[in-house]
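# Residue-level structural notes
What follows is the residue order along each chain.
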Amino acid sequence: MAREQVTVPDIGGGEAEVIEVLVQVGDQVTVDQGLIVMESDKASMEIPSTVAGEVVELLVSEGQQLAEGATVAVISSSAEAASSAEPEPAQDAAASKPAEPQQQKAEPEKAAEAPAPKRAASGGASTERVVPVPDIGTDDAVDLVEVCVAVGDSVAEGDSLVVLESDKASMEVPAPFAGEVLEIRVSEGRSVRQGDELMVLRSEGDAPAAAEAPASENPAEPKAPKSETPAPAQEKAQAQAQVPTASPAAEHSPGSAVYAGPAVRKLAREFGIDLGEVSGSGPRGRIVKEDLQNFTRERLRSAAPAAPASGAGIPAIPEVDFSAFGEVEVTQRSKLDKLTAANMQRSWLNVPHVTQYDDADITDLEAFRAGLKAEAEKRGTRLTPLPFMLKACAVALRDNPKFRSSLADGGDSLVYKQYIHIGMAVDTPAGLLVPVILDVDKKGIWELAEEVLELAGKARERKLTAAQMQGGCFTISSLGAIGGTGFSPIINTPEVGILGVSRARMAPVWDGEAFVPRQLLPLALSYDHRVVNGGDAGRFMTQLVALLGDIRSIIL
Ligand code: CAO
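Anyway, here's the lowdown on the structure attached to this text. This structure is a prediction, so every number in the text was calculated from the model and none was measured.

The rules we used
Residues numbered from 1 in each chain as written. Predicted model: local features only at pLDDT ≥ 70, side-chain atom pairs only at ≥ 80, totals over all residues. Heavy atoms only, no water. Helix = DSSP H or I, 4+ residues; strand = E, 2+ residues; numbered from the N terminus. Buried < 20%, exposed > 50% of the residue type's maximum accessible area, 1.4 Å probe, protein only. Contact = heavy atoms within 4.5 Å. Areas by Shrake-Rupley, 256 points an atom, 1.4 Å probe, with all protein chains shown as cover. Expected span 1.5 Å × (residues − 1). Patch = residues over 30% accessible without salt bridge, like charges linked within 9 Å, V, L, I, M, F, W, Y side chains within 5 Å. Salt bridge = Lys/Arg side-chain N within 4 Å of Asp/Glu carboxyl O. Pairing = 2+ DSSP bridges. Axes fitted to C-alpha atoms, helices over the stretch in contact; angles between N-to-C directions. Parallel < 35°, antiparallel > 145°, perpendicular 65-115°, else oblique. Left-handed = near helix turned anticlockwise from the far one by under 90°. Nonpolar A, V, L, I, M, F, W, Y, C, P; charged D, E, K, R; others polar.

## Quick notes on the overall build of the protein chain
- Along the protein chain, the regular secondary structure elements total 12 helices and 28 strands.
- Sorting the 556 residues of the protein chain into buried and exposed places 42% on the buried side.
- Of the contacts formed within the protein chain by residues at least 6 apart in sequence, a portion of 65% connects residues at least 24 apart.
- Accessible surface, the protein chain: about 27800 Å² in total, of which carbon and sulfur atoms supply 52%.

## Describing the side chain of D291
- Residue placement: D291 occurs in helix α6 (residues 289-302).
- Take D291: its relative accessible area is 7%, and that puts it in the buried class.
- Those residues in contact with D291 that sit more than four places away from it in its chain are V278, S279, G280, S281, G282 and R286.

## Description of helix α10 (residues 386-399)
- The terminal C-alpha atoms of α10 lie 20 Å apart, and with 14 residues this matches the ideal 20 Å at 1.5 Å per residue to within 8%.
- Along α10, 12 of the 14 residues are buried, which leaves the element largely enclosed by surrounding structure.
- When we look at burial in α10, the residues that qualify are L386, P387, F388, M389, L390, K391, A392, C393, A394, V395, A396 and L397.

## Here we look at a nonpolar patch on the surface
- A cluster of nonpolar residues, V320, F322, F325, V328 and V330, forms a patch on the protein surface that exposes about 570 Å² of accessible area.
- Here F325 lies in the loop between α6 and α7 (335-350).

## Points about the pairing of strand β8 (residues 71-77)
- In terms of burial, β8 is a largely internal element, seven of the seven residues being buried.
- Where strand β1 (residues 2-7) meets β8, six bridges bridge the pair, whose relative direction is antiparallel. Each residue of the ladder has a partner; that of R3, found in β8, is S76.
- Relative to β8, strand β6 (residues 53-58) runs antiparallel, the two being bridged by five bridges. Across the sheet, residue E54 finds its bridge partner in β8, namely S76.

## Observations concerning the packing of α10 against helix α12 (residues 534-549)
- α12 packs onto α10 with a crossing angle of 140° between their chain directions and a minimal axis gap of 9 Å. When the axis of α10 is compared with that of α12, the two are oblique. Helix-helix and strand crossings are classified by hand; for α10 and α12 the assignment is right-handed. Residues F388, M389, A392, C393, V395, A396, L397 and D399 of α10 form the contact with α12, whose participating residues are F540, Q543, L544, L547 and L548.
- Tallied by class, residues from the contact of α10 with α12 come to 11 nonpolar, one polar and one charged.

## Some points on the pattern of salt bridges
- All told, the structure shown has 19 salt bridges when counted by the stated rule.
- R185 is paired through a salt bridge with E183; the nearest N and O atoms lie 2.9 Å apart. You'll find R185 and E183 in the same group, each marked buried.
- Close ionic contact of E454 with K458 constitutes a salt bridge, the shortest N to O distance being 3.3 Å. One end of the pair is E454 and the other is K458, both in helix α11 (residues 445-460) and four residues apart, which spans about a single turn.
- Shared partners join several salt bridges into a network, and the residues in it are E183, R185 and E197.

By themselves these figures say nothing about function.
Structure, rendered in structure tokens:
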């Protein structure tokens, strides 16, 4: 068994960051298997093992900056592998043969074979140059996964023009000089080889000097070779016609480098994710696999489901063929029913509801009301508990202003209404209607009793005007005549509170010495917890219970 070092090969000068360590100590690796992924601003590459064997030492970690010659790992090679790899002492890092990276230094003679740039017909300072695929470290074709610019774009030297990707590496081909994109001769999804023409750039002013610089030492910075052939206008027009219309990916500003390793780029391509839309959480904003997972999860969550039942990514309730189980009758819902359904769902989904429950002792109130029966008849009206509840709510609303507020400015402010208009839910054959009784605080019990009768009657006859159903600060929903011991009403948004009233009942109440029969009215107060806190609701409810327990306090 021989121990061999794998070192960082020629990566085009300078340092690059280790963005991923692909193996662990104890792993068996084969020749060419990636050990780490390194990434610079312009390229990312896997550093493969030069020998087969077991990883006995791993000398790098993610985030480290490495230059050519740095030791990546020590591999204990098998006898055969060792002999073929000409083992060297583990300590002699410099003597170790560096692994062949997926991207190599551009060789000047190869660069010279690239298509010749062309001098503009005008012959002035402006020069047209073809940008070829640089030396990409392999004779095999690689995928062109992204065209980062569009015809007409102005690019600065170093801006990314295209992104190439092989199984092991991805690299951005930067603009060799500043200029304008005249033609794009490739499209996304194509396979390209070293020397293939990518695009034609027109440089301005001092660009020719840049073009005359020697071929870059950096594989990711190919320099345009020299040529002065003018580009025929017809050829140019044809090339432009082949340019695909700007895809979302191409809409990113030229050179807005997507910072991601080959594995992530490959994954993104497989899932059709535009990396330009993904924010990276890795070092210096590098996009890591988790970012793609989060991006996909977020997209799925916000995708609108087909059925109308959901507006917040909630799975729709599947339609069922009930006739498969027996006879059915299908009727069309009234507009009012459908409107109510939409309003209820909107409120339920938008508003965090909390419901607080309590019982009001209305024994004295009911005695008082019974005493007014004859008077009511004389007046030609009916006096139910509802006008008293309206009056008690008006006092509680006066003293607890949050309950007559509404959210505004997207939640930044509260609108406090300086009037006390209370809505009253009315059960009608056509559906639920909520007429509003204006200025409840300024009206007497008899006036309120008449208004309740009048508005409830109009609601049932569908004679309410739109104005009679607007302007409420708060709503009372009374099911007292129908029954039930309690329910949680849904807030009539944009109001922030609603009182649900259930059927009063006689119950034994401990008075400190004995149980006495008292008439208790079950109350349920639902409130919008974005506006009203438990303490506010507790105070409102306690006051309401006290007011209904002693109606004399209503007039205070
Ligand atoms: N406990 C016991 N009895 C009650 C009561 C209560 N909480 N509330 C009312 N009653 C009694 C009344 O006193 C009346 O009896 P008397 O004639 O003997 O006094 C009887 O029940 C019928 O009252 P009413 O319903 O005609 O009148 P109201 O003032 O109590 O209510 C109205 C008016 C319009 C609110 C009501 O008719 C109504 O439509 N309620 C339904 C509201 C509703 O659907 N809410 C749910 C909305 S969410 O789906």
